[in-house]
Amino acid sequence: MAGAASNEADKVWDVVIVGSGFAGALIAHELGKAKKEVLILEAGAPIPTNINDYMTRFYAAAAKVPESPYTPEIFDNNGLVDPATINAGRPTVLTLGPTGAKFGDWTNAKQAYLVQTGPTPFTSTYDRIAGGTGHWLGTSLRFVPNDFKMKSAYGQFTDWPIGYDDLEHWYGEAEAELGVSADKADQEYLGIKISRNYPMQRIPPSLVDQYVDRSLNAKPLTEAETGFLGAGKLETIPVRSLPAARNSEPYRNRRACAGNTNCIPICPIQAKYDPTVSLNDAMATGFVKMMHRTVASDIVVGENGRVSQIKYIRYQHDRGPRSDAKPGAVKAKVFVIAANAIETARLLLMSRDKTGIANSSGMVGQHLMDHPSYVS
Amino acid sequence: MRPRVFETGAAGDDTLYLGRSIVLMWYLGAWYDPRALQAINRNPDSDLTFSVISLKAYTQGWALSVAQAHPMGFSQFQFGYWSRLPKDRDDFIGKLT
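Residues numbered from 1 in each chain as written. Chains lettered and ligands numbered in written order. Predicted model: local features only at pLDDT ≥ 70, side-chain atom pairs only at ≥ 80, totals over all residues.

Asks: Quick rundown of the overall build of chain B? Include the residues and the values.
Replies: A tally of helices and strands in chain B yields six helices and two strands. Counting from the amino terminus, helix and strand elements in chain B follow one another as α-α-β-α-β-α-α-α. A burial count over chain B gives 8% of its 97 residues as buried. Across chain B, contacts joining residues at least 24 apart in sequence account for 25% of those joining residues at least 6 apart. (Helix = DSSP H or I, 4+ residues; strand = E, 2+ residues; numbered from the N terminus. Buried ≥ 20, exposed ≤ 12 C-beta atoms within 10 Å, placed from the backbone. Contact = placed C-beta atoms within 7 Å.)

Right, dumping it as structure tokens:
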């Protein structure tokens, strides 16, 4: 991928994006198509031209966890290395072990990247390459309309300032870009309306899905069986295929799923969408460039009260001293911070001499959402 | 001269656990140290670590082939196989007599 040349140091880009995960990659691609000059600052290493290195590492790993293909530097022969010695660290599920454990104690800062003081650990992880979203499952469910009005519909939480109808068009756009396989009729439940059909047929239900469906729905369910759900009269419980961002037929130059049973952490044939797909498309527009191993460290606000530049630090090797890769700054008309829920908040809060920016609400870094359970 | 193990007719523990490691290697494509297997037999709480021998060992281990399955990340099947019953066992391994 193209790197930004040093003679571009004083250039004012149309847009600078911090992070190349889902948001960063998709925004870069759209801007590139519109002929805007874009620079992406990416904390991680370059994306390899093919995934053989990732697959080799994954096959050889004894513990096949989400990080296995991507992050060799977090381990050495003695196990987990001290995260402080890694230039752009990342959390791993291997550090969700109990307090006091010899290996993977989540409260031990010599092992765990995230410093956590709450009663239980935050269990979701992320990486420093294409946002680590290489290891997402591909689940692409839409919200149902009532998700946006929890307060008015159920008296719980709060209503969103937007509703399902505001997002409906964009769900369709995203499903086309990611390549989601699903059946429209199957997914139009609880008020969901889908105006643009999914680009591919649904993933066929597995033998287990079929068995569950038969067991649940061979004959009408009775009040005694379903009453505890509090959902009224319920004679069937439909079993649906999950809308999945994995190909059920060849789509956008990628193959159909061959059932490698490995969406997490990596699809060996890229039948599952990941942001490197959009990143490659973005690069191919000729308007998007990327600086790797470049960690945004300070968002600088100019005299007019708007962000004027972003400072960064660079490194050459994943571990050890930062060597002679010089720090610097980039200027742009517009800045996009798309660096993951945790790292975005961290960057905002550490900017402006650690007084923080874009935080008039005081909510930056608050209310982080986790997976209720970890699927792996 | 025949190896001692055959002469005695009864192999010692070292030979027994080496044999187990080799069988595990065939089926799982991973190397379990025979001493670790002995240790875990004496004390089920002891650590049992293993290493993946090679990429080929991982992808070609017999256990998953016997199950008409595949190792994570290495499928030789085609789209939709998961929605159909696997071949009859006899078709796959021949008739057991």
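Text resumes after the structure shown.
Asks: So what's going on with the interface of chain A and chain B? Residues and values would help.
Replies: Across the boundary between the two partners, chain A contributes 21 residues, which contact 18 residues of chain B. With five residues, the single largest contributor to the side of chain A that touches chain B is helix α2 (residues 52-60) of chain A. When grouped by side-chain class, the residues that make up the side of chain A that touches chain B number 13 nonpolar, seven polar and one charged. (Nonpolar A, V, L, I, M, F, W, Y, C, P; charged D, E, K, R; others polar.)

Asks: How would you summarise the sheet that holds strand β2 (residues 38-41) of chain A if you had to cite specific residues and measurements?
Replies: All names here are of chain A. Spatially, the six strands line up as an open sheet ordered β5-β2-β1-β8-β7-β6, and their pairing is mixed. Edge strands, defined here as strands with exactly one partner in the open sheet, are β5 (288-291) and β6 (294-301). Going from strand to strand, the sheet's axes swing by 45 degrees on average, the running direction of each strand aside. Summarising the sheet, strand β1 (residues 12-18) and strand β8 (residues 328-337) pair through six bridges and their orientation is parallel. If you follow V18 over to β8, its bridge partner there is I337. Those strands touched by helix α9 (residues 341-354) are β1, β6 and β8, and its axis lies near 50 degrees from that of β6. (Pairing = 2+ DSSP bridges. Axes fitted to C-alpha atoms, helices over the stretch in contact; angles between N-to-C directions.)

Asks: Can you break down the packing of helix α1 (residues 22-33) of chain A against helix α8 (residues 275-284) of chain A residue by residue, with the values?
Replies: Residue and element names in this part refer to chain A. Two elements in contact, α1 and α8, have axes separated by 8 Å at closest approach and are oriented at 25 degrees. If you check the angle between α1 and α8, you find them roughly parallel. The interaxial crossing formed by α1 with α8 has left-handed handedness. Residue-level inspection shows F22, A25, L26, A28, H29 and G32 of α1 in contact with α8, the latter providing P275, S278, L279, D281 and A282. Residue composition of the contact of α1 with α8, grouped by class: seven nonpolar, three polar and one charged. (Parallel < 35°, antiparallel > 145°, perpendicular 65-115°, else oblique. Left-handed = near helix turned anticlockwise from the far one by under 90°.)

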